[in-house]
Amino acid sequence: MLEIKNLHVQLEEEDKQILKGVDLTVEAGKVHAIMGPNGSGKSTLSYVLSGRDGYEVTEGSATLDGQDLLEMEPEERAAAGVFLAFQYPVEIPGVGNMTFLRTAVNAQRKARGEEELSAADFLKEVRGKAKTLKIDADMLKRPVNVGFSGGEKKRNEILQMAMLEPKMCIMDETDSGLDVDAMKLVAEGVNALRDEGRGFLVITHYQRLLDHIKPDVVHIMADGRIVKTGGPDLALEVENNGYADILAEVN
Amino acid sequence: MALPQAKQTATEARLAALTMPDAGCTRGAREDALARVLESGLPGRRDEYWKYTQPDSLISAEALPAAVFVNDEPVLFNDLDRLKIVFVDGVFSAEESDELSLDGVKIDRIEDICCKDIHWAKDLYGVLEARGQSPVQRPLAALNTAFASDGVAIHVTGKPSKPINLIYRHASPTSDAILHHVIRVESGAEVTILESGPAASRFNKCMEIEIADKGTLHHVRAQGRDHERRAATHMFTRLGAESVYKSFTLTANGVLTRNEQVVELTGDNAVAHVAGACVGDGDFHHDDTVFITHDAVNCESRQVFKKVLRNGATGVFQGKILVKEGAQKTDGYQISQSLLLDDDSQFLAKPELEIYADDVACSHGSTSGAIDETALFYLRSRGVPVKDATNMLTLAFLAEAVDEIEDNALADEIVSRLEGWLARRS
Ligand SMILES: Nc1ncnc2c1ncn2[C@@H]1O[C@H](COP(=O)(O)OP(=O)(O)O)[C@@H](O)[C@H]1O
Ligand SMILES: [Mg+2]
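Residues numbered from 1 in each chain as written. Chains lettered and ligands numbered in written order. Predicted model: local features only at pLDDT ≥ 70, side-chain atom pairs only at ≥ 80, totals over all residues. Heavy atoms only, no water.

### Quick look at the overall build of chain A
We apply this condition: The secondary structure listing takes helices from DSSP runs of H or I that are at least 4 residues long and strands from runs of E that are at least 2 residues long, numbered from the N terminus. A radius of gyration in this sense is built from C-alpha atoms; the matching globule rule multiplies 2.2 Å by the number of residues raised to 0.38. Only protein chains enter the area calculation, which uses a 1.4 Å probe; residues under 20% of their type maximum are buried, those over 50% are exposed, and those in between are partly exposed. Should any heavy atoms of two residues lie within 4.5 Å, those residues are counted as being in contact. Only four residue types enter the tally: Lys and Arg on the positive side, Asp and Glu on the negative side, with His and both chain ends excluded. Lys charges are placed at NZ, Arg charges at CZ, Asp charges at CG and Glu charges at CD.
Along its length, chain A carries ten helices and twelve strands. Whereas a compact globule of 251 residues would reach a radius of gyration of roughly 18 Å, chain A reaches 18 Å, a difference of no more than 12%. Burial status across chain A gives 53% buried among its 251 residues. For chain A, restricting intrachain contacts to residue pairs at least 6 apart in sequence, the fraction spanning at least 24 positions comes to 69%. Averaging the coordinates of the 29 positive side-chain charges in chain A and doing the same for the 43 negative ones gives two points 7 Å apart.

Written out as structure tokens, the structure reads:
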């Protein structure tokens with residue numbers, strides 16, 4: 001489904017190479033986790049896949065079901081099925097959460113040539129999904145992420161994911177800043193979305209999220225590359241021994 | 001003191017093109033106003049108060065022509081039950097207006113206040129304008145008082161069931177209109193005044209509003225969509241104890257607009273909010289000049305002005321809060337912000353506070369910025385196309401000003417106009 005080949009990325013503003021040849025394939029129905037020390041390029045990878053400005057791809061490719069993602073605008077990628085749960089969800093004063101969600105859902109439907117969701121159908125769906133994530137009506141009415149706690153913001157990301165039903169879910173440290181209960185809610189939300197047709201790329205620092213969202217494959221990223229790939233055990237190894245051993249081993 | 005030669009010449013030229021209406025009982029007020037104009041002269045480029053806005057075309061003997069814009073949108077406020085008072089190029093149209101009768105309010109034309117002996121109106125005409133000449137001179141308002149050719153006197157004694165809509169239709173490309181309205185809201189009375197339309201190629205409007213204790217006046221205005229029109233407007237408002245004045249203005253297009261609001265809080269616990277949202281594209285210069293005087297205890301004032309500017313448009317804000325000695329527990333808030341959609345546009349702001357009481361809370365802020373790229377990416381990453389996302393963020397930026405409109409139906413109308421404006425540019 002998602003195929004990343006030899007991806008080299010540098011910053012547009014300064015001549016700094018951040019991704020130095022990333023190779024990664026996520027198959028439909030699978031959960032891949034990426035772990036790695038701070039600054040290794042995990043967020044950069046997620047931004048480049050979703051189309052944020054400021055990065056220049058100097059080599060390599062990224063495709064979703066054969067479509068060249070790197071040629072597409074962010075909104076086109078979204079309509080094609082890419083979703084990024086942000087490490088730092090953005091506050092947007094003056095834009096209601098509900099309005100935002102409905103605009104997004106219908107914009108994607110329109111881009112795919114599907115019929116827009118009626119206000120009533122949308123409302124029904126969003127209420128149901130919000131409830132399972134313990135997002136109350138008040139949060140839905142408030143401006144996007146404004147005044148939300150860290151946990152609320154992350155749950156709001158998962159709500160958006162649930163509403164948009166993307167093919168390829170990329171989650172950037174969705175677990176950071178969450179307490180155990182909130183993490184369970186988030187994990188349940190994600191697990192409910194697991195599906196044969198859907199791939200997940202779960203970026204995390206810690207093993208604990210992976211206790212709840214069981215990965216099929218675990219990658220270790222360091223200095224802009226995937227340096228090691230293994231099964232779920234690899235995450236445990238990191239948890240027990242830290243990155244030092246693995247990094248020493250690959251160097 | 002003699003005026004500078006250029007000012008003298010310009011003032012004389014303008015006055016030569018005007019005739020004072022034969023106005024019976026307002027004659028005295030008009031003569032006094034003319035004396036004020038002669039003393040101060042009309043605004044010139046060198047005047048401090050006109051530092052950011054060139055007054056030339058507002059004071060020229062002849063108005064510059066302005067094409068009449070053919071508006072394809074539904075008429076503003078058309079779905080609301082309202083009492084219509086229509087002026088075409090600044091002339092009252094009985095034909096297009098509703099009958100001027102409504103429970104709780106009495107409406108007369110300015111030219112009738114003398115023969116009908118309407119005391120309150122005679123006593124108000126030119127009075128607040130004259131008070132508003134100090135500490136800053138507002139010669140265009142004095143000129144208006146002296147030469148206004150039409151206008152209405154609205155006496156609010158109860159709570160009329162519907163808003164009163166002053167509709168200003170622009171019909172002739174060479175029209176030059178001077179309108180003067182006086183409004184008195186009696187104790188405990190409440191009214192909503194709507195103003196809509198560009199009025200004329202050049203429009204000088206003055207409105208004097210006296211709100212008695214516990215009276216309330218809501219004001220919502222939209223200045224039309226004509227690109228070439230010019231306008232200088234003044235609203236002078238004096239508030240009694242526990243009274244409320246809330247004013248909102250939408251300005252979309254218009255080559256030149258200067259909107260002045262002069263508000264005096266003279267009774268304790270009064271509340272005055274003045275707000276504006278303006279959207280300008282290209283040849284557009286919009287100036288909000290506000291002067292709020294706190295002269296009583298525990299009053300609240302808010303100024304919320306937002307400007308969206310693109311393609312070289314200019315926005316100006318001059319806003320002052322003056323807290324007089326003894327005006328304790330004043331709560332004054334002022335914010336002026338611009339959203340610049342490109343590098344060619346500019347926002348010039350001069351926020352001022354002058355405080356002579358010690359127990360007050362006043363804050364002001366002014367910012368100028370571009371669309372928040374992070375927020376834009378966030379919206380786009382959810383599938384919202386870049387134009388729609390930009391428009392969403394632009395409306396969000398304007399929301400704080402629009403939120404000052406209390407009535408939801410009115411606010412929705414204003415938002416729909418803003419959406420239309422943005423959509424036409426996407
Ligand atoms: N916009 C940027 N400007 C400057 N440096 C950046 C920018 N984006 C990423 N970097 C740098 O790139 C490296 C990788 O960052 P990031 O992708 O955030 O790593 P991770 O998510 O793995 O912690 C870091 O050294 C970071 O400082
Ligand atoms: Mg990161």
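### So, the sheet that holds strand 10 (residues 199-203) of chain A
In any sheet, the strands associate via hydrogen bonds between backbone groups, in a parallel or an antiparallel arrangement. Residue and element names in this part refer to chain A. As a reminder, the rule being used: Note: two strands are recorded as paired if DSSP finds a minimum of 2 bridges between them. Angles run from 0 to 180 degrees between N-to-C directions of axes, and those axes are lines fitted to C-alpha atoms, restricted for helices to the stretch in contact.
Strand order across the open sheet formed by six strands is 6-9-10-3-11-12, with mixed pairing between neighbours. The outermost strands of the open sheet, each flanked by one partner alone, are strand 6 (82-85) and strand 12 (225-230). Across the sheet, the axes of successive neighbouring strands diverge by a mean angle of 20°, strand direction being ignored. Sheet topology note: the strand 3 (residues 31-35)/strand 10 ladder contains four bridges and is parallel. What sits directly across from His32, in strand 10, is Leu201.

### Some details on the packing of aromatic side chains
Definition in use: Pairs were defined over the aromatic rings of Phe, Tyr and Trp, the Trp ring being its six-membered one, requiring ring centres within 6.5 Å. Orientation was assigned from the angle between planes: stacked under 30 degrees, edge-to-face over 60, tilted for the rest. Criterion for a charge above a ring: Lys NZ or Arg CZ within 6 Å of the ring centre, and within 35 degrees of the ring normal.
Under the counting rule described, the total for this entry stands at ten aromatic pairs over all chains. With a centroid separation of 5.7 Å and 50° between ring planes, the pair formed by Phe86 of chain A and Phe377 of chain B is classed as tilted. Note that Phe86 of chain A is positioned in the loop between strand 6 and strand 7 (92-96) and Phe377 of chain B in helix 7 (residues 373-381), a pairing that runs across two chains. Exposure remark for Phe377 of chain B: the relative accessible area of 6% places this residue in the buried category. Taking 5.0 Å as the distance between ring centres and 55° as the angle between the ring planes, the aromatic pair formed by Tyr168 of chain B and Phe203 of chain B counts as tilted. You can see Tyr168 of chain B sitting in strand 6 (residues 164-169) and its partner Phe203 of chain B sitting in strand 9 (residues 202-211), a full 35 residues away along the chain. The buried category is assigned to Tyr168 of chain B, whose relative accessible area is 4%. The structure contains a cluster of three or more aromatic residues connected by ring pairs, namely Tyr47, Tyr55, Phe86 and Phe100 of chain A together with Phe377 and Tyr378 of chain B. In this structure, Arg258 of chain B is placed above the aromatic ring of Trp50 of chain B, and the distance from its NZ or CZ to the ring centre is 3.7 Å.

### Side note on the coordination of the magnesium ion (ligand 2)
All names here are of chain A. Test applied: We call an atom a donor if it is N, O or S and sits within 2.8 Å of the metal, or 3.2 Å for Na, K and Ca. Water is not counted, so some sites may look partial.
Ser43 (OG) and Gln87 (OE1) make up the full set of protein donors to the magnesium ion (ligand 2), lying at 2.1 to 2.5 Å. Pair noted here: Ser43 is in helix 1 (residues 42-50) and Gln87 is in the loop between strand 6 and strand 7, with a separation of 44 residues, a long-range link. Per residue, the accessibility class of Ser43 equals that of Gln87, and both read buried.

### Brief notes about the state of the cysteines
Residues and elements named next belong to chain B. What counts is decided by this rule: Cysteine sulfur atoms are paired as a disulfide whenever they come within 2.5 Å of each other.
Here the structure, examined in full by the defined rule, presents one disulfide over all chains. Across a sulfur-sulfur distance of 2.0 Å, Cys25 and Cys114 are joined as a disulfide pair. Handedness here is read from the sign of the S-S torsion; for Cys25 and Cys114, about -80°, the answer is left-handed. Placement of the pair is Cys25 in the loop between helix 1 (5-16) and helix 2 (27-40) and Cys114 in the loop between strand 4 (105-109) and helix 4 (119-124), with a sequence separation of 89 residues.

### Quick look at the interface of chain A and chain B
Applicable threshold: Computed with a 1.4 Å rolling probe, the buried area is the accessible surface lost when two parts are put together, summed over both parts. For this analysis, a salt bridge means a side-chain nitrogen from Lys or Arg found within 4 Å of a carboxyl oxygen belonging to Asp or Glu. Counting of polar contacts relies on pairs of N or O atoms within 3.5 Å, with two restrictions inside protein: one atom must be capable of donating a hydrogen and the other of accepting it, and residues adjacent in sequence are counted only when both atoms are side-chain atoms. Gly is put with the polar residues, along with every residue not named as nonpolar or charged; the nonpolar set is Ala, Val, Leu, Ile, Met, Phe, Trp, Tyr, Cys and Pro, and the charged set is Asp, Glu, Lys and Arg.
In this complex, chain A contributes 31 residues to the contact, which on the side of chain B involves 16 residues. A combined buried area of about 1800 Å² lies between chain A and chain B, and 69% of that area is made up of carbon and sulfur atoms. Summed over the shared surface of chain A and chain B, the result is three salt bridges. The salt bridge involving Arg380 of chain B is made with Glu73 of chain A; its shortest N-O contact spans 2.6 Å. Where chain A packs against chain B, one counts ten residue pairs in polar contact (both at pLDDT 80 or more). Mapped by element, the contributors of at least two residues to the side of chain A that touches chain B are helix 1, helix 2 (74-80), strand 6, strand 7, helix 3 (97-111) and helix 6 (150-164) of chain A. If you tally residues by element for the side of chain A that touches chain B, the top one is helix 3 of chain A, at six residues. Residue composition of the side of chain A that touches chain B, grouped by class: 18 nonpolar, eight polar and five charged.

### Observations regarding unusual backbone geometry
Cis geometry is adopted by the peptide bond preceding Pro135 of chain B, which originates at Ser134 of chain B and carries an omega value of 5°. Among the secondary structure elements, Pro135 of chain B is positioned in the loop between helix 5 (127-131) and helix 6 (139-147). Even without glycine at this site, Asn6 of chain A takes up a positive phi of about 45°. Turning to its location among the elements, Asn6 of chain A is positioned in strand 1 (residues 2-11).

### Looking at the site of ligand 1
All names here are of chain A. The condition is simple: Here a residue is near a molecule or strand as soon as one of its heavy atoms is found within 4 Å of it. A 1.4 Å probe and the Shrake-Rupley method give the accessible areas. Residues count as covered only by the protein chains that appear here.
Lining the immediate environment of ligand 1, one finds 13 residues, of which Gly39, Gly41, Lys42, Ser43 and Thr44 sit closest. Between Thr44 and ligand 1, the recorded distance is 2.5 Å, taken from a side-chain N or O atom to an oxygen atom. Protein coverage of the free-state accessible area of ligand 1, which is 550 Å², stands at 63%. Per-element accounting of the shell around ligand 1 gives the leading share, three residues, to helix 1. The residue inventory of the shell around ligand 1, partitioned by class, reads four nonpolar, six polar and three charged.

### Regarding the sheet that holds strand 15 (residues 285-294) of chain B
Residue and element names in this part refer to chain B. Read from one edge of the open sheet, ten strands run 3-4-5-7-9-11-13-15-17-19, paired in mixed fashion. With partners counted over all chains shown, the strands left at the sheet margins are strand 3 (101-102) and strand 19 (346-355), one partner each. Here four bridges tie strand 5 (residues 152-156) to strand 7 (residues 176-185), and the two strands are oriented parallel to one another. Residue pairing across strands places Ile154 opposite Ile183, the latter belonging to strand 7.

### Notes on the side chain of His273 of chain B
Residues and elements named next belong to chain B. In this structure, His273 sits in strand 14 (residues 271-281). The class for His273 is buried, based on a relative accessible area of 9%. At 2.6 Å, the side chain of His273 and the side chain of Glu300 are in polar contact. Each residue touching His273, except ones within four places of it in the same chain, is listed here: Tyr245, Lys246, Ser247, Glu300, Arg302 and Glu404.

### Brief notes about the environment of Asp372 of chain B
Among the secondary structure elements, Asp372 of chain B is positioned in the loop between strand 20 (360-369) and helix 7. Along the sequence, Asp372 of chain B and Glu325 of chain B sit 47 residues apart, while their C-alpha atoms lie 42 Å from each other.

### Some words on the packing of helix 1 of chain B against helix 2 of chain B
Residue and element names in this part refer to chain B. Our working rule: In these notes the angle categories are as follows: under 35 degrees is roughly parallel, over 145 is roughly antiparallel, 65 to 115 is roughly perpendicular, and the rest is oblique.
Contact geometry of helix 1 with helix 2 gives a least axis separation of 9 Å together with a crossing angle of 150°. Our classification of the angle between helix 1 and helix 2 gives roughly antiparallel. Across the interface between the two elements, Lys7, Thr11 and Leu15 from helix 1 touch Leu34, Val37, Leu38 and Ser40 from helix 2. Residues that form the contact of helix 1 with helix 2 fall into these classes: four nonpolar, two polar and one charged.

### Things to note about the pattern of salt bridges
Residue and element names in this part refer to chain B. A complete count under the given rule lists 49 salt bridges over all chains for this structure. Close ionic contact of Asp287 with Arg258 constitutes a salt bridge, the shortest N to O distance being 2.7 Å. Taken as a pair, Asp287 in strand 15 and Arg258 in strand 13 (residues 256-265) lie far apart in primary sequence, 29 residues in all. Residue Asp287 shares its accessibility class with Arg258, and that shared class is buried. Sharing partners across several salt bridges, the network here consists of Asp72, Glu73, Arg225, Glu413, Arg417 and Arg424.

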